[in-house]
Amino acid sequence: MGRLFGTDGVRGIANQDLTNDLAMQIGVAAAEILIKNKNSDSKPTVMIGKDTRASGDMLEAALTAGFCSVGVNVLSVGVVPTPAIAYLVGRYNCDAGVMISASHNPCEYNGIKIFQGNGYKLADEIEDEIEKIILDKAEEIDVKLGGEVGKRIFCKTAVEDYIEHVVSVSDVRFDGINIAIDTANGSASVCAKEIFTRLGAKCHMLSDTPDGVNINRDCGSTHPEELMEFVKANKLDLGLAFDGDADRMLAVDENGELIDGDKIIAICATQMKQEGKLAQDTAVVTVMSNMGFFKFCEENDIHCSKTAVGDRYVLERMLKRGYNIGGEQSGHVIFLDYATTGDGELSGVKLIETVVKSGATLGELAKIMTVYPQVLINVGVTPEGKQKYNNDEYIISAVQEAEMELHGDGRVLVRVSGTEPLVRVMLEGKDIDKITSLGNEIADVVRERLSR
C-alpha cells in the first residue's frame, strides 16, 4: 500500500480524511501525468462517475476543478457502477476514468478510484507518481489560463451503453426465471432492473431507492439477510445482492442460502470448463478463499492460482498468465473475456446463464463445493498499528501457536486491511469451536498490541 492509495484507490471519511483539497490535488496530479504521457497535442479527457452517496457531488466538483485547472477536459457521466467506468472509458475514447465511491463502506466514507484509458486500474508506479506530486511536491504544476483550461461535458448515454454491454454477454434468455435484486441503494439502482428484465427475468427490487445516506445501510452484499428471507418467503429462483458501487455480487439460492464469491467462481468455472472456455483450466482466487474451494479444484481437475488479497492482484495474475476467471470470496469476480475489473451485474448475468444452461437450481449447483467453517474477526487498529503489524513478535507468536494447535487440520490468516483501519483475523478448520476460540485469542493480542 502507498501513502495515499490503498488496495482500491484513495479512501476515507469524506470531508475529514478525503477532503475537497485532497480530491483537487489528486485531480491536478493525475492530470499532470496524463498530459505528460499523451502523444498528441489535444487536451486529454477524463471520465468521472460516482455512486449515490451524498458527498459524491462535492468530491466530483473538486476533482473536476483539479483536472480542468491544468487543461484536462472532464466527461461527467453521473451515477454509474464502477465497472461501467472501466468499460466506458475505452468506448468513449477517454484518456482515463475516475470513480468516486467507497464501495461497500457506509455513506460517510468515500473514495477515488482511477482507471487507465484501457479500462484497467492504475499501476502501482503511477499511483506512486501521483503521491510524490501531492506529498513531496516532486513536480511544478503548470496551471492553465484562458481558453487553455479544461471543460466539463455532461454525458447522458453512459448508463444505456453500459446496460447494452452487460446484456450482450449472455447467449441465452432468462425467460421464466424469477429473481430478487438488492442494489444496496447504490449504483446498481440505475441499471440492474433494466439489465435482467431485458434478458427476460422477472425482477423484484429491494433497497433500490437511494437518498444519499442509505447506501449499504442494512442491505446489499454486506447485509444480505433481508434478501435471503425474501427469496425463500416468495419462492423465487434466486437473488442477487450488490455492494454500493456494484463491482461485487453475492447470490442467494432458492432456499435462501447465501452463495459467496468462492461458490460463484466454482459454479461458473465448471460450466466454462464443460464448454471448453476455461483458459488453461485455471481459476484465480486469493489466499482468503475457503479451503473448500481448493478441495473443489482438486476434485474437478481445475488448477487453482492463489494471489495476495485484493482484486487488483487477481487481475494482475490473470493478465500475466492468460487466465479468464478469478475473484474473491467477497464477490469481486472478474470475467476477463468481457470486463477489465470485477463487475457485479455481469457476474449475475453469467451466474444465471449457468443456471439456465444446466437446468439445475442454483442450490443444486452450489453443492459442487463444500464450505469449511470459517471465523473472521475484524480488529480496529490505529494507523500506527497497521504499520507495526508485520514486525510485532507477540502477534507472530500467537499466530504460530494457533497453527500448531490446529495440527494441519485448518489454517490461520491474519492480514492488514487495504481499505479500512482494521486487522482481519481469519481461521478455517473442521472444528468451529476450536477455530473460534483460537481466533478470539489472536484478536485479543492484536487489539492489545495495535489498538492503543
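Further up the page is the structure itself.
**Observations concerning the pairing of strand 3 (residues 73–79)**
Most of strand 3 is tucked away: five of the seven residues are buried. Pairing geometry for strand 2 (residues 45–50) and strand 3, over six bridges, is parallel. Residue pairing across strands places Ile48 opposite Ser76, the latter belonging to strand 3. Viewed along the sheet, the connection from strand 2 through helix 2 (residues 56–69) into strand 3 turns out right-handed.

**Observations concerning the sheet that holds strand 6 (residues 152–154)**
Ordered in space as 1-5-4-2-3-6, the six strands form an open sheet in which the pairing is mixed. The sheet terminates laterally at strand 1 (10–13) and strand 6, the two strands that pair on one side only. The sheet shows a mean angle of 20° between the axes of neighbouring strands, taken without regard to direction. Sheet analysis places strand 2 next to strand 4 (residues 96–100), joined by five bridges and oriented parallel. Bridging across to strand 4, Ile48 finds its partner in Val98.

**As for the environment of Ala54**
Tracing the backbone through its elements, the reader meets Ala54 in the loop between strand 2 and helix 2. Linking Ala54 and Val213, residues 159 residues apart in sequence, is a C-alpha distance of 6.3 Å.

**Describing empty space enclosed by the protein**
Throughout the structure, instances matching the rule amount to one cavity of 30 Å³ or more. In terms of residue class, the lining of the largest cavity is built from three nonpolar, two polar and five charged.

**Considerations on the pattern of salt bridges**
Here the structure, examined in full by the defined rule, presents 27 salt bridges. Here Asp245 makes a salt bridge to Lys113, at a shortest N to O gap of 2.6 Å. In this pair, Asp245 sits in the loop between strand 9 (238–242) and strand 10 (249–252) while Lys113 sits in strand 5 (residues 109–116), placing the two residues 132 residues apart along the sequence. Its salt-bridge partner being Glu194, residue Arg198 comes within 2.6 Å of it at the nearest N-O pair.

**Observations concerning a negative patch on the surface**
A cluster of like negative charges, contributed by Asp218, Glu225, Glu226 and Glu229, occupies part of the molecular surface. Following the sequence through the fold, Glu229 ends up in helix 7 (residues 225–233). Judged by its relative accessible area of 57%, Glu229 falls in the exposed class.

**Points about the nonpolar core**
Counting residues in each nonpolar core, the largest one holds 67 residues, and the members touching the most others are Ile179, Ile195, Phe196, Phe242, Phe293 and Ile325. Here the element with the most residues in this core is helix 8 (residues 261–274); it accounts for seven residues. Excluding its chain neighbours within four sequence positions, the residues that come into contact with Ile195 are Tyr162, Ile163, Val166, Val167, Glu345 and Val349. Core analysis: the second largest hydrophobic core is formed by 34 residues, Phe5, Val28, Leu34 and Ile112 among them.

**Comments concerning the environment of Leu362**
Take Leu362: it is sitting in helix 12 (residues 362–366). Here Leu362 falls in the buried class, since its relative accessible area comes to 1%. Taking the C-alpha atoms as reference, Leu362 lies 48 Å from Ala65; in sequence the two are 297 residues apart. In this structure, Leu362 is in contact with Leu238, Ala251, Val252, Asp253, Glu254, Ile259, Ile267, Leu351 and Val355, ignoring residues within four places of it in sequence.

**Considerations on the side chain of Gln329**
Residue position: Gln329 is located in the loop between strand 14 (325–327) and strand 15 (333–335). Classification of Gln329 by relative accessible area gives buried; the value is 19%. A polar atom in the side chain of Gln329 sits 3.2 Å from the side chain of Asp262. Excluding residues within four positions of it along the chain, Gln329 makes contact with Leu250, Asp260, Gly261, Asp262, Met288, Ser289, Asn290 and Gln374.

**Topic: the sheet that holds strand 8 (residues 202–206)**
The five strands are arranged 8-7-9-10-11 in an open sheet whose pairing can be described as mixed. Two strands bound the open sheet, and with one partner strand each, they are strand 8 and strand 11 (258–259). Where strand 7 (residues 178–182) meets strand 9, four bridges bridge the pair, whose relative direction is parallel. Residue pairing for strand 9: Ala180 is matched across the bridge by Gly239. In the packing of helix 11 (residues 344–358) onto the sheet, the strands contacted are strand 7, strand 9 and strand 10, and the crossing angle to strand 9 comes to about 165°.

**Observations concerning helix 8**
A rise of 1.5 Å per residue sets the reference length of helix 8, with its 14 residues, at 20 Å; its end C-alpha atoms lie 20 Å apart and thus fit the reference within 8%. Along helix 8, twelve of the 14 residues are buried, which leaves the element largely enclosed by surrounding structure. Turning to helix 8, its buried residues number three or more, namely Gly261, Asp262, Lys263, Ile264, Ile265, Ala266, Ile267, Cys268, Ala269, Thr270, Gln271 and Met272. Taking the backbone nitrogen of Asp262 as reference, a side-chain oxygen 3.2 Å away marks Asp260 as the first, capping residue of helix 8. At the C-terminal side of helix 8, Gly276 shows a positive phi close to 75°.

**A look at the packing of helix 1 (residues 20–37) against helix 2**
Relative to each other, helix 1 and helix 2 sit at 35°, their axes nearing to 7 Å. Both helix 1 and helix 2 take part in a crossing whose hand is right-handed. Here helix 1 contributes Asn20, Ala23, Met24, Ile26, Gly27, Val28, Ala30 and Ala31 to the contact with helix 2, which in turn contributes Met58, Leu59, Ala62, Leu63, Ala65, Gly66, Phe67 and Ser69. By residue class, the composition of the contact of helix 1 with helix 2 is twelve nonpolar, four polar and no charged.

**Here we look at the packing of aromatic side chains**
Here the structure, examined in full by the defined rule, presents two aromatic pairs. Aromatic side chains Phe293 and Phe294 sit 6.4 Å apart centroid to centroid with 85° between the ring planes, which places their arrangement in the edge-to-face category. Judged by relative accessible area, which is 16%, Phe294 ranks as buried. An angle of 50° between the planes, with centres 5.5 Å apart, marks the rings of Phe293 and Phe296 as tilted. Taken as a pair, Phe293 and Phe296 lie in helix 9 (residues 291–299) at a separation of three residues, close to a single helical turn. When sorted by exposure, Phe293 lands in the same class as Phe296, which is buried. Members of the aromatic cluster, joined through ring pairs, are Phe293, Phe294 and Phe296. Stacked on the ring of Phe294, the Lys or Arg Lys306 has its end atom at 4.6 Å from the ring centre.

Reading the values: rules and limits
Residues numbered from 1 in each chain as written. Predicted model: local features only at pLDDT ≥ 70, side-chain atom pairs only at ≥ 80, totals over all residues. Heavy atoms only, no water. Buried < 20%, exposed > 50% of the residue type's maximum accessible area, 1.4 Å probe, protein only. Helix = DSSP H or I, 4+ residues; strand = E, 2+ residues; numbered from the N terminus. Pairing = 2+ DSSP bridges. Right-handed = clockwise from strand over helix to strand, strands pointing away. Axes fitted to C-alpha atoms, helices over the stretch in contact; angles between N-to-C directions. 1 Å grid on protein atoms, 1.4 Å probe; cavity = no way out; pocket = protein on both sides within 12 Å on 5 of 7 lines; lining within 4 Å. Points joined across faces, edges and corners; volume = space filled by probe spheres on them. Nonpolar A, V, L, I, M, F, W, Y, C, P; charged D, E, K, R; others polar. Salt bridge = Lys/Arg side-chain N within 4 Å of Asp/Glu carboxyl O. Patch = residues over 30% accessible without salt bridge, like charges linked within 9 Å, V, L, I, M, F, W, Y side chains within 5 Å. Areas by Shrake-Rupley, 256 points an atom, 1.4 Å probe, with all protein chains shown as cover. Lys, Arg positive; Asp, Glu negative; His and termini not counted. Charge placed at Lys NZ, Arg CZ, Asp CG, Glu CD. Core = buried A, V, L, I, M, F, W, Y, C linked by side-chain atoms within 4.5 Å. Contact = heavy atoms within 4.5 Å. Polar contact = N/O pair within 3.5 Å; in protein donor to acceptor, adjacent residues only side chain to side chain. Expected span 1.5 Å × (residues − 1). Left-handed = near helix turned anticlockwise from the far one by under 90°. Phe/Tyr/Trp six-rings, centres within 6.5 Å; stacked < 30°, edge-to-face > 60°. Lys NZ or Arg CZ within 6 Å of the ring centre and 35° of its normal.

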